[in-house]
Each structure stands twice: as C-alpha cells, then as structure tokens.
Amino acid sequence: METWPHGQVSTNIGKINKTLRLRYKFVTLSKVIINSSMILLEDILGVFKKGGVVAYATETCYGFACDIFSKKALAKLFQLKRMAATKPISILVGSLEEAKKYGHFSKVALQLAKKYWPGPLTIVVKRKKTLPSFLNPHCKTIGIRVPGDKFSRELVKKFGRPI
C-alpha cells in the first residue's frame, strides 16, 4: 500500500527511505510510519520507548517525532534533520490541560489555544521546569501544539507525554 501525499498510509519503507535520503542525504529509518493507521500505533510507541525517531504525517506536514524526555532520541532527531542542537524544536501534546503542564499561558495564549486547538497552530509560551533541561536548553520559551488529527493526539495520549 502506498499513496503520497498526506492522508494515506505507506508501507513501502524502501521508497520512503529513498525519498528521505534525497532530502537528508544519509538517513535510513528502520521504522517509517506515514499517517493514521491505529494498527501502527503500538509500533510507534515501541520506537519511542527505545529512544528512536519516527517519520509520520500530521495535518500540516510530514515530520519526525520522538520522546522529548530522551537525550538519545533528541540527538537522533537533530542528526536526522542535520540541524544544530541549539535550534529549538516544538512539542506536540494531547490537550490544552497537558500543554499547561509544560508552558505558562498568558490570557491571549489561552484564548488562541481555546479557539484554534486542536489544529495547526503552534503557540510559543514561556517554558516550565517540567520540560527536560536538555530540550531547547538556550530557550526560555517552548512552541506547543495540540494537533488537529486524531491519530497524533491519540499517539501523545497513549505515550503519556509530549513528543
């Protein structure tokens, strides 16, 4: 089964790896999850628990996801993206209530979250100490989003913490 773009599942890891290599030059993933088959949820959770990174589709783009509380996983993420570890990344959470555990929301930020979440809006707020110090260590803020697609929210909920 293989259909690009967003919205379909692709199980052709060879083609996905070739596509990713064109963009990222050296990357080969053992698990690449594209979009929302609930059957694949346990596979993704297993990758997260082992400190791995997955590629999958959200409502806004194809992206990489990992356990933000794992130094090993974050190191892999930055390597895959060929990105400096000083460049900040945003996190996905399952709800506004969960987001409040990781960021200080102003009145305006709360209004925006209530109006546009779940959805494709990332809100940048002052970070809380509940986030690991090695995540965006040079930033006093964090970008947080509650994704609009049900699969991503379910993934965060089942994992039990942000990705």
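Up top is the structure these notes are about.
Quick summary incoming for the structure in this document.

The rules behind each value
- Residues numbered from 1 in each chain as written.
- Predicted model: local features only at pLDDT ≥ 70, side-chain atom pairs only at ≥ 80, totals over all residues.
- Heavy atoms only, no water.
- Axes fitted to C-alpha atoms, helices over the stretch in contact; angles between N-to-C directions.
- Helix = DSSP H or I, 4+ residues; strand = E, 2+ residues; numbered from the N terminus.
- Parallel < 35°, antiparallel > 145°, perpendicular 65-115°, else oblique.
- Left-handed = near helix turned anticlockwise from the far one by under 90°.
- Contact = heavy atoms within 4.5 Å.
- Nonpolar A, V, L, I, M, F, W, Y, C, P; charged D, E, K, R; others polar.
- Patch = residues over 30% accessible without salt bridge, like charges linked within 9 Å, V, L, I, M, F, W, Y side chains within 5 Å.
- Areas by Shrake-Rupley, 256 points an atom, 1.4 Å probe, with all protein chains shown as cover.
- Salt bridge = Lys/Arg side-chain N within 4 Å of Asp/Glu carboxyl O.
- Buried < 20%, exposed > 50% of the residue type's maximum accessible area, 1.4 Å probe, protein only.
- Pairing = 2+ DSSP bridges.

**Regarding the packing of helix H2 (residues 41–49) against helix H6 (residues 150–159)**
(1) Moving on: Two elements in contact, H2 and H6, have axes whose closest approach is 10 Å; the angle formed by their N-to-C orientations is 50°. Looking at the two axes, H2 sits oblique to H6. At the point where H2 passes H6, the crossing takes the right-handed sense. Across the interface between the two elements, Leu41, Ile44, Leu45, Phe48 and Lys49 of H2 pack against Phe151, Glu154, Leu155, Lys158 and Phe159 of H6.
(2) Moving on: Grouping the amino acids of the contact of H2 with H6 by side-chain chemistry returns 7 nonpolar, no polar and 3 charged.

**Digging into a nonpolar patch on the surface**
(1) Moving on: The grouping of Val108, Leu112 and Tyr116 at the surface amounts to a nonpolar patch, some 270 Å² of accessible area in total.
(2) Moving on: Mapped onto the secondary structure, Leu112 falls in helix H5 (residues 107–116).

**Quick word on the pattern of salt bridges**
In a structure, side chains of opposite charge can pair up when their charged atoms sit close to one another.
(1) Moving on: Under the criterion given, the structure shown has 3 salt bridges.
(2) Moving on: Residue Lys158 pairs with Glu154 through a salt bridge whose shortest N-O separation is 3.8 Å. Residue Lys158 and its partner Glu154 are both found in helix H6; the two are separated by 4 residues, about one turn of the helix.
(3) Moving on: A relative accessible area of 48% places Lys158 in the partly exposed class.

**Topic: the sheet that holds strand E4 (residues 103–104)**
(1) Moving on: Read across the sheet, 4 strands follow the order E3-E6-E5-E4 without closing on themselves; strand pairing throughout is mixed. Among the strands making up the open sheet, the edge pair consists of strand E3 (91–92) and E4.
(2) Moving on: Alignment of E4 against strand E5 (residues 123–127), held across 2 bridges, turns out to be antiparallel. In the strand pairing of E5, Gly103 is matched with Arg127.

**Some remarks on unusual backbone geometry**
(1) Moving on: For the bond running from Trp117 to Pro118, omega is -10°, close enough to zero to count as cis.
(2) Moving on: In this fold, Pro118 is placed in the loop between H5 and E5.
(3) Moving on: Non-glycine residue Arg82 carries a positive phi angle of around 50°.
(4) Moving on: Within the fold, Arg82 resides in the loop between helix H3 (71–81) and E3.
(5) Moving on: The phi dihedral of Asn136 is positive, around 50°, even though this residue is not glycine.
(6) Moving on: We classify Asn136 as buried; its relative accessible area is 4%.

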